[in-house]
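Each chain is listed here by its residues.
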Amino acid sequence: MDSINRSRETYFLDKLLDQTFGEEASEQIRAFLSTEHIYVSATREIVTKLENLNDEFKYSQHHNPIHQVTARVKTPRRIVEKLARKGHEMTLASARQNIHDIAGVRVICSYVDDLYLVATLLTSQSDIELIREIDYIKNPKPNGYRSLHLIIAVPVFMSSGPESVKVEIQLRTIAMDFWASLEHELAYRLADKQTEQITRELKDCADVISATDMRMQKLYNAVIQSGLG
């Protein structure tokens, strides 16, 4: 029964792809689907490493630096759309070379210092290659967005041997994630109707949240140094 259902899904997917994207792009989407498991495996590798680090800190230092970890893999449709938007060749090889966030992991921490701690511990592991780091905490985007972005490569062990796969990791505090989630929702609802006042309000909120993050970090540090924590 399961194989029949998948055959039906494939049939309807093929018709939808051909109608929406045309034959060439549709073929590439099918190619992306055939390699999707590689990116899923890469996110699983990273999530496991992060969970191991968090468990170690829980027992050795009575502190969980990581509040939450989520992972996702871009849909083939989004990959094709991004390739077209950036003017890249619409092939699987082009996607793997030019799109670094096909696989994505988001790490939510309680404190700002924890973001840098987790990033350092993760990228110092021998099988992790750090490709690029973008620090939107020290250098926020004009709209107020703050986060620490890492582009890394992790080996995924397939039957044919290890394969290096790129993963984008976003590290945020709970407060940063709260702001980013609501800003994303508002931007989607407003589309091109966002006013200068709303933009300014969002930036002000981001600044207030950042200041609160820093105050909470100082408070946490004071508690630890006093021996109360």
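Nothing here was measured: the structure is a model prediction, and the numbers come from that model. (Residues numbered from 1 in each chain as written. Predicted model: local features only at pLDDT ≥ 70, side-chain atom pairs only at ≥ 80, totals over all residues. Heavy atoms only, no water.)

## Quick notes on the packing of helix 6 (residues 174–190) against helix 7 (residues 196–226)
Each pair of packed helices can be summarised by the angle the axes make with each other and by the distance between the axes.
Step number 1: At their nearest, the axes of helix 6 and helix 7 sit 9 Å apart, and the two run at 170 degrees to each other. Our classification of the angle between helix 6 and helix 7 gives roughly antiparallel. Taking contact as the criterion, the partners of A175, M176, F178, W179, E183, L186 and L190 in helix 6 are, on helix 7, I198, L202, C205, A206, I209 and D213.
Step number 2: The residue makeup of the contact of helix 6 with helix 7, split by class, is 11 nonpolar, no polar and 2 charged. (Axes fitted to C-alpha atoms, helices over the stretch in contact; angles between N-to-C directions. Helix = DSSP H or I, 4+ residues; strand = E, 2+ residues; numbered from the N terminus. Parallel < 35°, antiparallel > 145°, perpendicular 65-115°, else oblique. Contact = heavy atoms within 4.5 Å. Nonpolar A, V, L, I, M, F, W, Y, C, P; charged D, E, K, R; others polar.)

## Re the side chain of T173
Step number 1: By the secondary structure assignment, T173 is in strand 5 (residues 161–173).
Step number 2: On the basis of relative accessibility, which here comes to 0%, the residue T173 falls in the buried class.
Step number 3: A polar atom in the side chain of T173 sits 2.6 Å from the side chain of D213.
Step number 4: Sequence-distant contacts of T173, defined by excluding residues within four places in its chain, comprise I108, C109, S110, Y111, V112, L115 and D213. (Buried < 20%, exposed > 50% of the residue type's maximum accessible area, 1.4 Å probe, protein only. Polar contact = N/O pair within 3.5 Å; in protein donor to acceptor, adjacent residues only side chain to side chain.)

## Here's the deal with the sheet that holds strand 2 (residues 103–109)
Step number 1: Taken in spatial order, the 5 strands make up an open sheet running 1-2-5-4-3, and their pairing is mixed. Two strands close off the open sheet at either side, each with one partner strand: strand 1 (66–73) and strand 3 (129–135). Between one strand axis and the next, the sheet turns by 25 degrees as a mean value, whatever way the strands run.
Step number 2: For strand 2 and strand 5, the ladder comprises 6 bridges, and the chain directions are parallel. Paired with G104 across the strands is E168, a residue of strand 5. (Pairing = 2+ DSSP bridges.)

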